[in-house]
Amino acid sequence: MKQTDLSLYNNAAYHPGGSLVKRILWFYVNAFLFKTSLIPSSRLKVYLLRLFGAIVGKGVVIKPCVNIKYPWLLQIGDHSWIGEEVWIDNLVQVRIGNHVCLSQGALLLTGSHNYRDPAFGLITGSIILEDGVWICAKAIVTQGITAGSHSVLSAGSIATKNLDSCVIYQGNPATKIKLIPL
């Protein structure tokens, strides 16, 4: 394996969508209205997400101190909850179904880097959280993951592979620990 040389890094092929002005405006809206505890209103946050191109269902709750990279790459279904200090680092599409709960400090990561590439090339993959999924506090979902309907990723766990429907996962990497009867 060749040694990493970060001076070779070139992100020119990646484009997050949206104009430069839109990205700059979102940066400030996100910093001053989402990543703060001073604005508790979910309605205002839902309005702003829609204004910036997100598809957001009805009854969505967005708690304080949430960080969203690019709202135009985000879809949230009806009656889903986004908890305090959740970070949706969506370099590419993130689709959150209906009645999904992202608990405090959960992290959705759509990007990483190729450690085998000396230039540390960007790797991206969409995240899909189907209906009824619960991503517990401080859990991490990595790029390219689909969490099946009503799956649970327990607190502090890391999903590096798809999660089957109606199963509780735990650990790093997350493994199946229990089936959920419906």
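Rules and cut-offs
- Residues numbered from 1 in each chain as written.
- Predicted model: local features only at pLDDT ≥ 70, side-chain atom pairs only at ≥ 80, totals over all residues.
- Heavy atoms only, no water.
- Helix = DSSP H or I, 4+ residues; strand = E, 2+ residues; numbered from the N terminus.
- Buried < 20%, exposed > 50% of the residue type's maximum accessible area, 1.4 Å probe, protein only.
- Contact = heavy atoms within 4.5 Å.
- Areas by Shrake-Rupley, 256 points an atom, 1.4 Å probe, with all protein chains shown as cover.
- Phe/Tyr/Trp six-rings, centres within 6.5 Å; stacked < 30°, edge-to-face > 60°.
- Pairing = 2+ DSSP bridges.
- 1 Å grid on protein atoms, 1.4 Å probe; cavity = no way out; pocket = protein on both sides within 12 Å on 5 of 7 lines; lining within 4 Å.
- Points joined across faces, edges and corners; volume = space filled by probe spheres on them.
- Nonpolar A, V, L, I, M, F, W, Y, C, P; charged D, E, K, R; others polar.
- Core = buried A, V, L, I, M, F, W, Y, C linked by side-chain atoms within 4.5 Å.

A. Summary view of the overall build of the protein. For the protein, the helix and strand inventory stands at two helices and 19 strands. Summarising its shape, the C-alpha atoms of the protein cover approximately 50 × 40 × 25 Å along the three principal directions. For the protein, the residues scored as buried account for 44% of the 182 residues in total. Long-range contacts, defined here as pairs at least 24 residues apart, represent 29% of the contacts in the protein between residues at least 6 apart. Accessible surface, the protein: about 9700 Å² in total, of which carbon and sulfur atoms supply 59%.

B. Structural detail: the environment of Phe120. Within the secondary structure, Phe120 sits in the loop between β10 (111-113) and β11 (122-124). A residue is classified by how much of its surface remains accessible, and Phe120, at 27% relative accessible area, is partly exposed. In this structure, the C-alpha to C-alpha distance between Phe120 and Leu6, residues 114 residues apart in sequence, is 6.6 Å. Once residues within four sequence positions are removed from consideration, Phe120 is found in contact with Thr4, Leu6, Tyr9, His113, Asn114 and Tyr115.

C. Representation of the packing of aromatic side chains within the structure. The full count for this structure, using the stated rule, is five aromatic pairs. Each ring, one from Tyr70 and one from Trp72, has its centre 5.2 Å from the other, and the planes form 35°; the classification is tilted. Residue class for Trp72 comes out buried when judged on its relative accessible area of 14%. Site record: aromatic cluster; members linked through ring pairs are Trp26, Phe34 and Phe52.

D. Layout of the pairing of strand β18 (residues 167-170). Only one face of β18 is covered, namely the face carrying Val167 and Tyr169; the face carrying Ile168 and Gln170 is uncovered. Inspection of the sheet shows strand β16 (residues 152-153) paired to β18 by two bridges, in the parallel sense. Paired with Leu153 across the strands is Tyr169, a residue of β18. As judged from the four bridges shared by β18 and strand β19 (residues 175-179), these two strands associate in the antiparallel manner. Bridge pairing in β19 places Ile168 opposite Lys178.

E. Representation of the sheet that holds β16. Read across the open sheet, the seven strands follow the order β2-β5-β8-β13-β16-β18-β19; overall the sheet is mixed. Two strands close off the open sheet at either side, each with one partner strand: β2 (61-62) and β19. Across two bridges, strand β8 (residues 101-102) lies against strand β13 (residues 134-135) in parallel orientation. Note on β13: the bridge partner recorded for Cys101 is Trp134.

F. Geometry of the layout of surface pockets. Taken as a whole, the largest pocket holds about 170 Å³ of empty space. If you go around the largest pocket, the residues you meet are Arg23, Trp26, Phe27, Asn30, Ala31, Lys35, Asn67, Ile68, Lys69 and Tyr70. Sorting the residues of the lining of the largest pocket by element identifies α1 (20-34) and β3 (67-68) as the ones contributing at least two each. With five residues, α1 is the largest single contributor of residues to the lining of the largest pocket. Broken down by class, the residue content of the lining of the largest pocket amounts to five nonpolar, two polar and three charged.

G. Geometry of the nonpolar core. In this structure, Ile96, Leu102 and Leu129 are the most contacted members of the largest nonpolar core, which totals 43 residues. Those elements giving two or more residues to this core turn out to be α1, α2 (42-51), β4 (74-76), β7 (94-96), β12 (127-129) and β18. Sequence-distant contacts of Ile96, defined by excluding residues within four places in its chain, comprise Leu74, Gln75, Ile76, Gly77, Ser80, Ile82, Ile88, Leu102, Leu108 and Leu129.

Structural measurements only, silent on function.
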